[in-house]
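Spelled out, the chains give:
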Amino acid sequence: MAQTLHKISRFALQLYLECPRCFWLAKKHGIRRPPPYPYTLNAAVDIFLKAEFDEARRKGKPHNIFKQHQVKAIPFPDFNKIKKWRDSGIKHYFPKLNALLYGKIDEVVMFEDKSLSPIDFKATGSLEVQIYKDYQQQMDIYGYLLEKNGYKINKRAYFAFYKVDRNGGFDSKLTFLPELKEVKIDTSWVEDVFKKAVKILWAENPPLPSKNCEYCQRERKILERKLRLT
């Protein structure tokens, strides 16, 4: 009997890395962790930056943040592809697993040798920006998906941080300080982890609660009553 098609986003794959049980419950039964508090500032900055990168794409020139940091790369010139990757995600299908991995990318830039780098936009009120583990995983997955779609990647990815300027005053508007952070991409782990995540979804029973997962410990009794699991 054919396995059900499993569509796994990069968010879901990162959830699997954090807690296989929470991943199983979310994908098999729609029992998800409480959503995080919406970060509307980040959403607003995301909209403006995409418009700015699209304008730079039309001109075939680097965006200002790349000029300021002397990185010679222009926005990926294919408008149709970048729109698709933003809206429905860049995808790769695994026939033997009947599973799909996808991720929605904010932006992609292209270097002179035609190699590509994924970009992610982030707004923050922090004084210093940090590259967290899940940020790195995000870029590794994007790099993997670009490679699987036939593109050459240059093993670098970028975060375009826009920090609130705390010394800029506030006259019914905020000013931001742009900062570009580069990370190296490691795609070597993605496929193996993805295959393990899919195989967990084939199981009728979930993995044991993760000792370090606060959601597993807090919700264990409620979830087990609902699903009649042991």
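Because the structure is a prediction, the values reported are computed rather than measured.

(A) Region of the structure containing the overall build of the chain. For the chain, the count of helices and strands is eight helices and eight strands. Here the chain holds 230 residues, and 46% of them are scored as buried. Of all intrachain contacts in the chain linking residues separated by at least 6 positions in sequence, the fraction that spans at least 24 positions is 68%. Within the structure as shown, the chain displays about 13800 Å² of accessible surface, and the carbon and sulfur contribution to it stands at 51%.

(B) Summary view of the packing of helix α1 (residues 10–18) against helix α2 (residues 20–29). Put simply, α1 and α2 touch, their axes get as near as 5 Å, and they point 140° apart. Taken together, the axes of α1 and α2 lie oblique to each other. Contacts from A12, L15, Y16 and E18 of α1 reach α2 at P20, C22, F23, A26 and K27. When grouped by side-chain class, the residues that make up the contact of α1 with α2 number seven nonpolar, no polar and two charged.

(C) Structural context of the pairing of strand β6 (residues 116–124). Most of β6 is tucked away: nine of the nine residues are buried. Alternating residues of β6 divide into L116, P118, D120, K122 and T124 and S117, I119, F121 and A123, and every residue in both groups is buried. Sheet analysis places strand β5 (residues 107–110) next to β6, joined by four bridges and oriented antiparallel. The partner of E107 across the bridge, within β6, is I119. Taken together, β5 and the strand that follows it, β6, pair antiparallel across an intervening segment of five residues, in which K114 is found at a positive phi of about 75°. Pairing of β6 with strand β7 (residues 156–164) involves six bridges; the strand directions are parallel. Following the sheet pairing, I119 is matched in β7 by Y158. Traced from β6 through helix α6 (residues 133–148) to β7, the parallel crossover comes out right-handed.

Reading the values: rules and limits
Residue numbering note: each chain is counted from 1, following its sequence as written. Under the rules for a predicted model, residues below a pLDDT of 70 receive no local features and side-chain atom pairs below 80 are neither given nor counted, while totals for whole chains, interfaces and linings still include all residues. Note that water and hydrogens are dropped before the side-chain values are worked out from all heavy atoms of the structure. Helix and strand assignments come from DSSP, with helices taken as H or I runs of at least 4 residues and strands as E runs of at least 2, each series counted from the N terminus. For each residue, the accessible area found with a 1.4 Å probe, counting protein chains only, is set against the maximum for its type, and the residue is called buried under 20%, exposed over 50%, and partly exposed in between. Contact definition: two residues touch when any of their heavy atoms are within 4.5 Å. Note that accessible areas follow from Shrake-Rupley with a 1.4 Å probe, and for residues the cover is restricted to the protein chains shown. Here an axis means a line fitted to C-alpha atoms, over the contact stretch when the element is a helix, while the angle between two N-to-C directions is reported on a 0 to 180 degree scale. Here the angle decides the label: under 35 degrees means roughly parallel, over 145 means roughly antiparallel, 65 to 115 means roughly perpendicular, and every other value means oblique. Residue polarity is assigned by list, with Asp, Glu, Lys and Arg as charged and Ala, Val, Leu, Ile, Met, Phe, Trp, Tyr, Cys and Pro as nonpolar; anything else, Gly included, falls into the polar class. We call two strands paired when DSSP finds no fewer than two bridges between them. Crossovers are described as right-handed under a simple rule: with the strands pointing away from the observer, the path leading from the first strand over the helix to the second runs clockwise.

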